[in-house]
Amino acid sequence: MGKVNNWHLKRDMEYVYEEARPKRQWAIVFDLNKCIACQTCTLACKTTWTSGKGQEYMFWNNVESKPWGGFPLAWDLRVLEKLGRQDWAKNGSYAGKTIFEAAPPTERAVHFAPQDEDWMYPNIGEDDCMGLVERGGHIGALPHDKWFFYLPRTCAHCTYPACLAACPRKAIYKRDEDGIVLIDQSRCKGYGECVRACPYKKSMYNPYTRVSEKCVGCYPAVEQGIQPQCVVNCIGKIRVMGFVSPPAKARDDNPIDFLVHKKQIALPYYPQLGLEPNIYYIPPIHADRAYLTQMFGPLVDGAIERYRKLQEDPVAQGLLVLMGSSDRILHRFEVDKGQAAGFDEQGAEIVRVPVTERVVERLAFDEKLQAPRNNTP
Amino acid sequence: MSSSPLLVLSVLTLSHLSWANPLLARKTGTDLSVPDPKAKYWDSVPQEHVPLMAQPMAIPRPEVTRTAQVAVQALHDGKRLALRLRWRDADRNEAGRLGEFSDAAAVQFPLAGKPVPPPVMMGMKGDPVHIFHWRAQYQRDAERGKPGMKDLYPNQAIDMYPMEFADPGTTSTDEAARDKFSPGREVGNPQSYPKNGVDEIFAEGFSTSAVQEGHQSQAKGNWENGEWTLVIVRPLAIEGGSTVKVGSSTWVGFAVWQGGLGEVGSRKCVTMTWTAFELSDKS
Ligand code: SF4
Ligand code: SF4
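Residues numbered from 1 in each chain as written. Chains lettered and ligands numbered in written order. Predicted model: local features only at pLDDT ≥ 70, side-chain atom pairs only at ≥ 80, totals over all residues. Heavy atoms only, no water.

Looking now at the interface of chain B and chain A. Listed per partner, the contact involves 50 residues of chain B and 41 residues of chain A. In total, chain B and chain A occlude about 3,800 Å² of area from one another, counting both sides; carbon and sulfur atoms represent 52% of this. Taken together, the links from chain B to chain A amount to five salt bridges. Glu193(A) is the partner of Arg267(B) in a salt bridge, and the nearest nitrogen-oxygen pair spans 2.7 Å. Our enumeration of links across chain B and chain A arrives at 17 residue pairs in polar contact (both at pLDDT 80 or more). Mapped onto the side of chain B that touches chain A, the elements with two or more residues apiece are β7 (129–135), α2 (136–144), α3 (149–152), α5 (183–186) and β8 (198–203) of chain B. Of the residues assigned to the side of chain B that touches chain A, the class counts are 22 nonpolar, 17 polar and eleven charged. (Contact = heavy atoms within 4.5 Å. Buried area = accessible area lost by both parts, 1.4 Å probe. Salt bridge = Lys/Arg side-chain N within 4 Å of Asp/Glu carboxyl O. Polar contact = N/O pair within 3.5 Å; in protein donor to acceptor, adjacent residues only side chain to side chain. Helix = DSSP H or I, 4+ residues; strand = E, 2+ residues; numbered from the N terminus. Nonpolar A, V, L, I, M, F, W, Y, C, P; charged D, E, K, R; others polar.)

Moving on to helix α2 (residues 75–83) of chain A. Residue and element names in this part refer to chain A. Those residues of α2 that sit buried are Trp 75, Asp 76, Val 79, Leu 80 and Leu 83. Projection of α2 onto a plane perpendicular to its axis shows the buried side chains occupying an angular sector of 120°, all on one side. Exposed residues pointing more than 90 degrees away from the buried face of α2 are listed as Leu 77, Glu 81 and Lys 82. The first or second residue beyond α2 is Gly 84, which carries a positive phi of 80°. (Buried < 20%, exposed > 50% of the residue type's maximum accessible area, 1.4 Å probe, protein only. Arc of directions from axis to C-beta.)

Turning our eyes to something else, we now look at the site of ligand 1. Among the 14 residues in the neighbourhood of ligand 1, the closest are listed as Cys35(A), Cys38(A), Gln39(A), Cys41(A) and Cys234(A). Considering only residue class, the shell around ligand 1 consists of ten nonpolar, three polar and one charged. (Near = heavy atom within 4 Å.)

A few words now on the domain arrangement of chain B. Residues and elements named next belong to chain B. What the domain assignment reports for chain B is domain 1 (5–144 + 198–279) and domain 2 (147–193). Of note, the centres of domain 1 and domain 2, computed from C-alpha atoms alone, are 34 Å apart. With nine residues of domain 1 in contact, the opposing surface of domain 2 contributes eight residues. The contact between domain 1 and domain 2 buries some 610 Å² in all, and 49% of this surface belongs to carbon and sulfur atoms. When the buried area of domain 1 at its contact with domain 2 is split by residue, Arg 97, Arg 140 and Asp 141 rank highest and sum to 58% of it. Where domain 1 meets domain 2, there are two residue pairs in polar contact (both at pLDDT 80 or more). (Domains from an automatic or database assignment.)

What follows is about the site of ligand 2. The environment of ligand 2 is made up of 13 residues, and the closest members are Cys155(A), Cys158(A), Ala162(A), Cys163(A) and Cys198(A). Its residues placed into classes, the shell around ligand 2 shows ten nonpolar, one polar and two charged.

Now the structure itself:
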């Protein structure tokens, strides 16, 4: 049993292995204010990775409507229920127990074991509002008292993966070059310990091959400097994939570090579970604050406040425009003279976009041609 | 979070002692090449009760001992050794769908014929064990074929799988091309291919077990009235593996999994010590 540092919790915690951070850590930031639940990400992933036998209900990427949706069924409520009430301390550190610390001596992690039928409703609760909307209620004050939001999820390629901790065969490993967590398909025996232990339920069992499978972070693309399929196909351009640093090594010109550390508007979800998950969310500003707090922790108020003020920050605005503007991984970005640019690992410019789109006004009547204009395609 | 140091200590110090009476395999004139759990000839073979305990060392582990003992009988025919195991198990489970696990049992021998056996918990680096691992799931493969998706989910409906289309004549006959969409098969994981009833495995400690190719052992289990009766037959001498000699003694260990109670992998009941085992040339 090792003592490791978990900066999401602002404290050390227990984990079965010693702290061994990879050279760099794969991460995605999602702006939940922009997700439209089109599921293009889900299908991009599915057609790339899980179209085979035994993968029919396997969604490495899924998008669920909160609060009622969840795949597998009520995964979040069920793991929180198992963990029991835990609290954050006043100073922002986590005073409760993680799933590792609360585990009985026989287990690596507090968990619930999902059953077959739990995986059979991938889109349950979609678009269900958290309650009935009174007549006129939708135009009332913000935030709405009735709300829902979309939560797209992939494996978080956690710094302290529960899947890896629980595998008695040590068939799961975390890559040093990018922090991607993989199940060795030749060594797995399908015990399903990872399926039980992962609190986010992102490790899944294939009954045809009789081994477990999980999101591979699109590592073949990442190795070539390209972002994962769910990121580059995102219709809402809500995602950016890159590498996140621990706080002490954060660089302001790294897009992920900028959103996570400098602006602190992107937060990990359910950090209290103790895995240091590496998918980060910009919280939806109009959803219920108490709900967001239980999901994203005590930093959510500040994150929303800063997000609301982004219009005063041209650099942040520039970065948000860069999201979804290139398939390549942006290692560095800069915003200057109304333009945002992204650079690859070697420092070569790979994308340049105007921070504010040029507005062209086309009058209804063309004076030069003396002809009316219309928009008939 | 770790297992109690006291317990670990007692396991280590006891590991070379034996809790059960020594087992004896007498010689029979009957051909043992086909395992038969219901054969009459077992009636006259003496039976030893070997105690099992919830596996205490590797996490995850079971909270309670679900199988407290296994009744063992042994016979050899000069070429093969047959072990018959019986244990109580309320349900018959052969796994298949997600979250379902198979009933299973294993017999373990030291791989090398050293005077002192390796640690009973699956051996150690440089001192391996040779395991014969039967699963009801593997037996189903042998008897009825490895289940396809329609076997596991009879009501499933699917438009198509890659390289396999509904229109006659449009399915690719190239199995390798289809396997590209089944990672376990593509990389040759033995779990993803039809099994023969029993796996032969070498291990040098927890998490090191590796299935061996070209195994010659066989097994057959029969579940009736809340009890499994299983016969595992192995050649006395296995090239590159363990060898048991007539007229001398060795060691044997056992493990049982009740799949219906979620037991799989390290969640199992095991013998905490080796059982001494002698092969007699008398019948
Ligand atoms: S593709 Fe983008 S916008 Fe569409 S559901 Fe996925 S994350 Fe949301
Ligand atoms: S999200 Fe789950 S499957 Fe992915 S690395 Fe973390 S614990 Fe493992």
